[in-house]
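# Descriptive structure summary
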Amino acid sequence: MNISYNWLKNYINTDIEAVELGKALTSIGLEVGSVDEVQTVKGGLEGLVIGEVLTCANHENSDHLHVTTVNVGSGEPLQIVCGAPNVAAGQKVVVATVGTVLYSGDDSFTIKRSKIRGVESMGMICAEDEIGIGTSHDGIIVLPAEAVVGTLAKDYYGIKSDFLIEVDITPNRVDAASHYGVARDLAAYFALKNPEIKLTKPSIEAFKVENTDLTIPVKVENPEACPRYSAVTISGVKVTESPDWLKNALLTIGLRPINNIVDVTNFVLHELGQPLHAFDADKITSKEVRVKCLPEGTPFVTLDGAERKLNAADLMICDADKPMCIGGVFGGLSSGVTETTQNVFLESAYFHPVSIRKTAKRHGLNTDASFRYERGCDPTNTIYVLKRCALLIQEVAGGSISSEIVDIYPIEVKPFEVAVSVQKINSLIGKEIGRENIETILSALEMKIAERTETGYVLHVPAYRVDVQRDVDVIEDILRIYGYNNVEIGENLVSTLSYSSKPDSHKLQNLIAEQLTAQGFNEILNNSLTKGGYYTDLTSFPAANSVKIINALSSDLNVMRQTLLFGGLENIAYNVNRRNADLKFYEFGNCYYFNSENKKEGETLAAYSEDYHLGMWLTGNKLAQSWTTAEQKSSIYELKAYIENIFVRLGVNVRKLVFGEYVDDLLSEALTVYSPRGFQLGVFGVVHPKIRKKMDIDQEVYFADLNWNALLKEIAKQKVSFSEISKYPEVKRDLAMLLDKAVNFAQIEKIAFDTERKLLKKVTLFDVYEGKNLEAGKKSYAVSFILQDETKTLTDSQIDGIMKKMLSNFESKLDAKLR
């Protein structure tokens, strides 16, 4: 949320610099993202000056350009080539001199000395849109004759510097979503540090009803969704452009001025945090306003010109039965204030947060009003805000208050009553801060002490503090105002030691993350919410098994992910599209599943489950081409090596793992990894081309999905042990075998270790050949075997016996032939 420093000072008497105020806000929980100097017009009109056109002649090489001389109040007159049709001698104009930077949105350009059609030009005579003070480009700005030549444009237009404080409002602190709300927190902060700094609330004493000629009754038919509705009418207003002070205030915080009536409602929204809506009273043809819901499917055209179909639960502000506005969310196209409006019906209401949130999400709308209503506005403040807004409308648009205030408030919202003990305050803070300090802070936070006892207080917490309803909430507020940095760290350290035989998931996760990062991987973190369309037509992760989101933010975030794959592919597509194609990613995260077969009566969550996974993605080149190395593509074998390194680091015996072929609709070629007890630890393979096409990725992608919870179970009983390096030598033997193409190395490795469990230490595939001089459907594998006896030197007869036995098993089980 953007806060104007100059605007903020209307409510708190301080000249403390904006940067220091930002630090204070951060210290009390309203984190400040940045403090930037701004002007109401981008660039502050620096380099622009008021000039007078002395001469204006047609350009000899153009039918629309003019060559002018302009007096800018210093030095010789400037020769400027101008293309505006309305330029003429004797005019007072705005001139951008050489070196001036002009802005157009996020773009900028610098005025340079140049030649236009052969004639030298020493500046530019400006139009409104070129300097940011308007939108017209019909011609140059022609100023009144009394404008003084040589005056800086920023002084002529009254451009002032300000500081924009960007405050990150957390969802529970809607009370601070306004300039007054931020000032209120600052005043509480200074209550202990500098009591002379006080909070000032805008006065409404001047409000008075001048007549009742425009009384419009209101009927609230849905009090649950609208607990309070206040309104008043103003007649005889004149809708025009807003005065500079109002426009500049809105421009500073990034809002576009519209007209004086609408601008006042926006100003008060950002001043006090209470949304308002102004209707053209003459367009309320029934002369009665009803707050109610309309039938399902009722068409309604909103301010943006879009026709929307209403839900039966949408709360509407109606002209009898005709909708005028989606209550608390968005106005209607036909009922708003225009330049012809003369009479205004002004609304200040409190709508139920849940009702507003559901309506806003259903229609995909997120407005300044809905943002505040969804989080809970102050139901006790509608009348004050209504009067404040009405007075400002009278100030900028004239008119008379032409009705008594309508206030439909059947059930008064009471303050939250919270009991808190001094002992608990001191205990949770970790320091005795004294009852005087406690009471000063409570008073500054507008928490009234209803009852004071020897042990504590009974407080009435204002209704706008929707986040303070327990004693611990009150204590948190006291602490943030007292200052976290004012609580000293004691000399004694109190700790609790615990021991668990289970693997420490967090510690092991960090261990593997460090290992992968050291191997060149980048960690990614994706949203658990994803696009339901990813799972359409999948058999491995059916759409029916997705955990669906009710009232999803969008179709791109309407289910919980069943696999980490798609999030990583989105990251890859993003990077590849930006010419960063050599990628290694990993992600730890939960995956979520729904299984209707597991439903149980009375157990809502029985059909839902989640599992923690580690995903790894590999794509592009393993080695980029350089003068020392040729380009080398990443491969599935590289990914397999990374996976085995993870197993080794966790203490899993890789030799005992079982690798098997795996086929699904996500991976075109894949292997699955099982523990010796038959539990699936993960799968890895080549992402299917149809999936890559869906994600707009042309290059090969290799993906591994490891079930982290299954891995932890596998290593739960693993014991770390060591043995001395054997003093007896290893023996290496090689076999070249002719095999069916369907045979894989994992089968050879398993048979080898099943044949010789004690002396066989390692099996390695060092050559694969498929091609000429081999039978159809055959391939050649060259495999090396490392044998070692740790107690004695192996003899030739032992080695030959083991090798013959292994070859015999290869022949019988794999139909292998020795080459």
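These lines cover the structure that appears in this document, whether it is placed above or below. Every chain is numbered independently, its residues counted from 1 as its sequence is written. Residues qualify for local features only when their pLDDT is at least 70, as the model is predicted, and side-chain atom pairs are given and counted only at 80 or more; totals for whole chains, interfaces and linings, by contrast, use all residues. Water and hydrogen atoms play no part in the side-chain values, which are based on all heavy atoms of the structure.

### Brief notes about the overall build of the protein
Tallying secondary structure elements over the protein gives 20 helices and 42 strands in all. This radius of gyration counts C-alpha atoms alone. The globule rule is 2.2 Å times how many residues there are, raised to the power 0.38. Taking 819 residues into account, the globule formula puts the C-alpha radius of gyration at 28 Å, and the protein, at 37 Å, lies well above it. The principal-axis extents of the C-alpha atoms in the protein amount to approximately 115 × 90 × 65 Å. Taken over 819 residues, the protein has a buried fraction of 47%. For the protein, restricting intrachain contacts to residue pairs at least 6 apart in sequence, the fraction spanning at least 24 positions comes to 70%. Reported accessibility uses the Shrake-Rupley method at a 1.4 Å probe radius. Residues are deemed covered only where the shown protein chains occlude them. Surface summary for the protein: the accessible area is close to 41,900 Å², and the carbon and sulfur share equals 49%. If you average the places of the 87 positive and of the 108 negative side-chain charges in the protein, the two averages end up 8 Å apart. Secondary structure elements are defined from DSSP: runs of H or I of at least 4 residues count as helices, runs of E of at least 2 residues count as strands, and each element is numbered from the N terminus. Residue burial is assigned from relative accessible area. The probe radius is 1.4 Å, only protein chains are included, and a residue is buried under 20% of its type maximum, exposed over 50%, and partly exposed in between. Note on definitions: a residue-residue contact is assigned when non-hydrogen atoms from the two residues lie within 4.5 Å. His is not counted here, nor are the chain ends, while Lys and Arg score as positive and Asp and Glu score as negative. Charged side chains are reduced to one point each, which is NZ for Lys, CZ for Arg, CG for Asp and CD for Glu.

### Details of the pattern of salt bridges
Proximity of charged atoms lets side chains of opposite charge pair with each other. In what follows, salt bridge is the name for a side-chain nitrogen of Lys or Arg lying within 4 Å of a carboxyl oxygen of Asp or Glu. Tallied over the entire structure, the rule returns 39 salt bridges. Measuring nitrogen to oxygen at the nearest pair gives 2.9 Å for the salt bridge that ties R173 to D175. In this structure, E271 and R388 form a salt bridge, with 2.7 Å as the shortest nitrogen-oxygen distance. Taken together, the positions of E271 in helix α7 (residues 260-272) and R388 in helix α10 (residues 382-397) put the pair 117 residues apart, joining distant regions of the chain. Overall, E271 belongs to the buried group, its relative accessible area being 0%. Judged by relative accessible area, R388 falls into the buried class, the value being 16%.

### Re the environment of N809
Mapped onto the fold, N809 is located in helix α20 (residues 796-814). Linking N809 and E597, residues 212 residues apart in sequence, is a C-alpha distance of 45 Å. Beyond its immediate sequence surroundings of up to four residues, N809 is in contact with I751, T755 and L814. Each polar contact in these results corresponds to two N or O atoms within 3.5 Å; when the atoms are within protein, one needs to be able to donate a hydrogen and the other to accept it, and residues that are neighboring in sequence are counted only if both atoms are side-chain atoms. Reaching out from N809, the side chain makes a polar contact with the side chain of T755 at a distance of 2.8 Å.

### Quick look at a nonpolar patch on the surface
Within the patch definition used here, like charges are joined within 9 Å and nonpolar side chains (Val, Leu, Ile, Met, Phe, Trp, Tyr) within 5 Å, considering only residues with over 30% relative accessible area and no salt bridge. On the surface, a nonpolar cluster with roughly 230 Å² of combined accessible area is contributed by V301, L303 and L333. Along the chain, the position of L333 falls in the loop between β21 (330-331) and β22 (343-350). By relative accessible area, which is 48% here, L333 ends up partly exposed.

### Some thoughts on the sheet that holds strand β19 (residues 315-319)
Within the open sheet, the 5 strands sit side by side as β13-β16-β19-β20-β21. Their pairing is mixed. Across the chains shown, the open sheet's two edge strands, defined by having one partner strand only, are β13 (218-220) and β21. Whether two strands pair comes down to DSSP finding at least two bridges between them. Sheet analysis places β19 next to strand β20 (residues 322-326), joined by 4 bridges and oriented antiparallel. Bridge pairing in β20 links D319 to K322.

### A few points about the packing of aromatic side chains
Each Phe, Tyr or Trp ring (for Trp, its six-membered ring) is paired with any other whose centre lies within 6.5 Å, and the angle between the two planes then decides the class: stacked below 30 degrees, edge-to-face above 60, tilted in between. Inspection of the entire model under this criterion finds 19 aromatic pairs. When the ring of W7 is compared with that of F267, the centres are 4.5 Å apart and the planes differ by 5°; the resulting orientation is stacked. On the criterion of sequence distance, the pair formed by W7 in helix α1 (residues 5-8) and F267 in helix α7 is long-range, its members being 260 residues apart. Grouping residues by exposure puts W7 and F267 together as buried. Relative to F703, the ring of W617 lies with its centre 5.2 Å away and its plane at 40°, an arrangement referred to as tilted. Here the residue W617 occupies a position in strand β32 (residues 608-619), and F703 occupies one in strand β38 (residues 701-707), the gap between them amounting to 86 residues. For W617, a relative accessible area of 0% puts it in the buried group. Overall, the relative accessible area of 4% leaves F703 in the buried class. Ring pairing ties together the aromatic residues F521, Y586, F588, Y612, Y642 and W708, which thus form one cluster. Any Lys NZ or Arg CZ that is within 6 Å of a ring centre and within 35 degrees of that ring's normal is treated as a charge sitting over the ring. Stacked on the ring of Y384, the Lys or Arg K201 has its end atom at 4.3 Å from the ring centre.

### Digging into the sheet that holds strand β39 (residues 731-740)
The antiparallel open sheet is built from 4 strands, whose spatial order is β40-β41-β39-β42. Edge positions in the sheet fall to β40 (760-769) and β42 (817-818), since each has one partner strand and no second. Relative to β42, β39 runs antiparallel, the two sharing 2 bridges. Looking at the pairing, M737 lines up with L818 of β42. Here the axes come from fitting lines to C-alpha atoms, over the contacting stretch only for helices, and the angles between their N-to-C directions go from 0 to 180 degrees. Lying on the sheet, α20 is in contact with β39, β40, β41 (778-787) and β42; it crosses β39 at an angle near 15°.

### Things to note about helix α5 (residues 179-193)
Compared with an ideal rise of 1.5 Å per residue, which puts 15 residues at 21 Å, α5 spans 21 Å between its outermost C-alpha atoms and is within 8% of the ideal. Counting buried positions along α5 yields 13 of 15 residues, so the element is predominantly enclosed. Given the number of residues in a helix, its expected span is that number minus one, multiplied by 1.5 Å.

### Concerning the packing of helix α11 (residues 422-429) against helix α13 (residues 471-482)
Two numbers describe a pair of packed helices, the interaxial angle and the distance between the axes. Interaxial distance between α11 and α13 falls to 10 Å at its minimum, and their mutual angle equals 60°. Comparing their axes, α13 and α11 come out oblique. The way α11 lies across α13 gives a crossing that is right-handed. In this structure, α11 contributes K424, I425, L428 and I429 to the contact, and α13 contributes D471, V472, I475, I478 and L479. In this classification, Asp, Glu, Lys and Arg are treated as charged, Ala, Val, Leu, Ile, Met, Phe, Trp, Tyr, Cys and Pro as nonpolar, and every other residue, Gly included, as polar. Its residues placed into classes, the contact of α11 with α13 shows 7 nonpolar, no polar and 2 charged. Relative orientations are named as follows: roughly parallel for angles under 35 degrees, roughly antiparallel for angles over 145 degrees, roughly perpendicular for angles from 65 to 115 degrees, and oblique for any other angle. Should the near helix be turned anticlockwise from the far one by less than a right angle, the crossing is termed left-handed; should it be turned clockwise, right-handed.

### Topic: the packing of helix α14 (residues 505-518) against helix α16 (residues 636-650)
Relative to each other, α14 and α16 sit at 140°, their axes nearing to 11 Å. It follows from the interaxial angle that α14 and α16 lie oblique. For the pair α14 and α16, the sense of crossing is right-handed. The segment α14 lies against α16, with L508, L511, I512, Q515 and L516 engaging N645, I646, R649 and L650. Residue composition of the contact of α14 with α16, by class: 6 nonpolar, 2 polar and 1 charged.

### Comments concerning the environment of S114
Among the structural elements, S114 can be located in strand β9 (residues 114-116). Judged by relative accessible area, which is 30%, S114 ranks as partly exposed. Each C-alpha atom, one on S114 and one on I197, is 55 Å from the other, the two residues being 83 residues apart in sequence. Setting aside residues no more than four positions away along its own chain, S114 makes contact with V119, E120 and S121.

### Some points on the side chain of T367
Examined against the element boundaries, T367 turns out to sit in the loop between α8 (353-362) and α9 (368-375). A distance of 2.8 Å separates the side chain of T367 from the backbone oxygen of V329, its partner in a polar contact. Discounting residues that sit within four places of it in the chain, T367 has contacts with V329 and F330.

### Details of α10
Between its first and last C-alpha, α10 extends 22 Å over 16 residues, near the 22 Å set by a 1.5 Å rise per residue. α10 sits mainly inside the fold: 13 of its 16 residues count as buried. One or two steps after α10, the chain reaches G398, where phi turns positive at roughly 70°.

### Some words on the pairing of β22
In terms of residue burial, β22 counts as a mostly covered element, since 8 of its 8 residues are buried. Residues N343, F345, E347 and A349 point to one face of β22 and V344, L346, S348 and Y350 to the other, with burial holding for every one of them. In this structure, strand β14 (residues 228-235) lies alongside β22, joined through 8 bridges in antiparallel fashion. What sits directly across from A231, in β22, is E347. Across 4 bridges, the pairing between strand β15 (residues 277-280) and β22 is antiparallel. Looking across to β22, one finds that A278 is bridged to L346.

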